[in-house]
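Per-entry structural report
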Amino acid sequence: GNSVTQMEGPVTLSEEAFLTINCTYTATGYPSLFWYVQYPGEGLQLLLKATKADDKGSNKGFEATYRKETTSFHLEKGSVQVSDSAVYFCALNSGNTPLVFGKGTRLSVIA
Amino acid sequence: DSGVTQTPKHLITATGQRVTLRCSPRSGDLSVYWYQQSLDQGLQFLIQYYNGEERAKGNILERFSAQQFPDLHSELNLSSLELGDSALYFCASRKTGEETQYFGPGTRLLVL
């Protein structure tokens, strides 16, 4: 079945540092890939997505590229801010199937 | 704001009790999904409805049930509650033909 593996945190960075959160997946067919973010005390928000190989999703300075050859969808940001502190989830689905999530990575950014 | 609403925001109850969680999807979304987020299990899919009909089941306990009504809102019923049912319960909705699911703010359930 489908599965997602993402690096487990917590990750602690200083403001303006470079962020990478690794995510790899196992799936049949051609899944769509997502990053969701959960800020403290809140629900899940879609951060970015990519629906086919080599697509790059981007939003709020975050980027991730759908790499079929390495089955990866790593999240990157060039310069993190304190307000980026949250839990980040990599996820996939195929069409109308339920989302399969990674375990989440907690990011703390300190000033 | 995703456009998905969930009530109540918080729920505290005792073991053995029954509760109902409510979800209103985004306008026009026919698909509703329920997920459970717990510390030990992470985010797990429970059940999916499409236009009133059950479409898929995940790791949903027999004590749990759900339905989707003609106005497309959905309810998740949890009965004979146990301490281990304490979790955050999310619903998400999706527009037909699109892959993205939009999540509500969740209902935090605490079973004492």
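The sections below set out a description of the structure shown in this document.

Parameters and conventions
Residues numbered from 1 in each chain as written. Chains lettered and ligands numbered in written order. Predicted model: local features only at pLDDT ≥ 70, side-chain atom pairs only at ≥ 80, totals over all residues. Heavy atoms only, no water. Salt bridge = Lys/Arg side-chain N within 4 Å of Asp/Glu carboxyl O. Buried < 20%, exposed > 50% of the residue type's maximum accessible area, 1.4 Å probe, protein only. Phe/Tyr/Trp six-rings, centres within 6.5 Å; stacked < 30°, edge-to-face > 60°. Helix = DSSP H or I, 4+ residues; strand = E, 2+ residues; numbered from the N terminus.

**Focus: the pattern of salt bridges**
It is possible for side chains bearing opposite charge to pair when their charged atoms get close. Under the defined criterion, the tally for this structure stands at seven salt bridges over all chains. Residues A:Glu63 and A:Lys56 are paired through a salt bridge, measuring 3.6 Å at the closest nitrogen-oxygen approach. Of the charged contacts, one joins B:Arg26 and B:Asp29 as a salt bridge, the two residues approaching to 2.7 Å between their closest N and O atoms. For the pair B:Arg26 and B:Asp29, a shared accessibility class is recorded, and that class is buried. Here the salt bridges do not stand alone but share partners, grouping B:Arg26, B:Asp29 and B:Lys95 into one network.

**Concerning the packing of aromatic side chains**
Applying the stated rule across the entire model yields 14 aromatic pairs over all chains. Plain terms: the ring middles of A:Tyr36 and A:Phe101 are 6.0 Å apart, the flat faces sit at 55° to each other, and that makes the pair tilted. Here the residue A:Tyr36 occupies a position in strand 5 (residues 32–38), and A:Phe101 occupies one in strand 11 (residues 100–101), the gap between them amounting to 65 residues. For the residue pair A:Tyr36 and A:Phe101, the accessibility class agrees, reading buried in each case. When the ring of A:Phe101 is compared with that of B:Phe103, the centres are 6.1 Å apart and the planes differ by 70°; the resulting orientation is edge-to-face. On the criterion of chain membership, the pair formed by A:Phe101 in strand 11 and B:Phe103 in strand 10 (residues 102–103) is interchain, its members lying in two chains. Residue classification places A:Phe101 among the buried residues on the basis of a relative accessible area of 9%. Linked through ring pairs, A:Phe34, A:Tyr36, A:Phe89, A:Phe101, B:Tyr33, B:Tyr35, B:Phe45, B:Phe90 and B:Phe103 together constitute an aromatic cluster.

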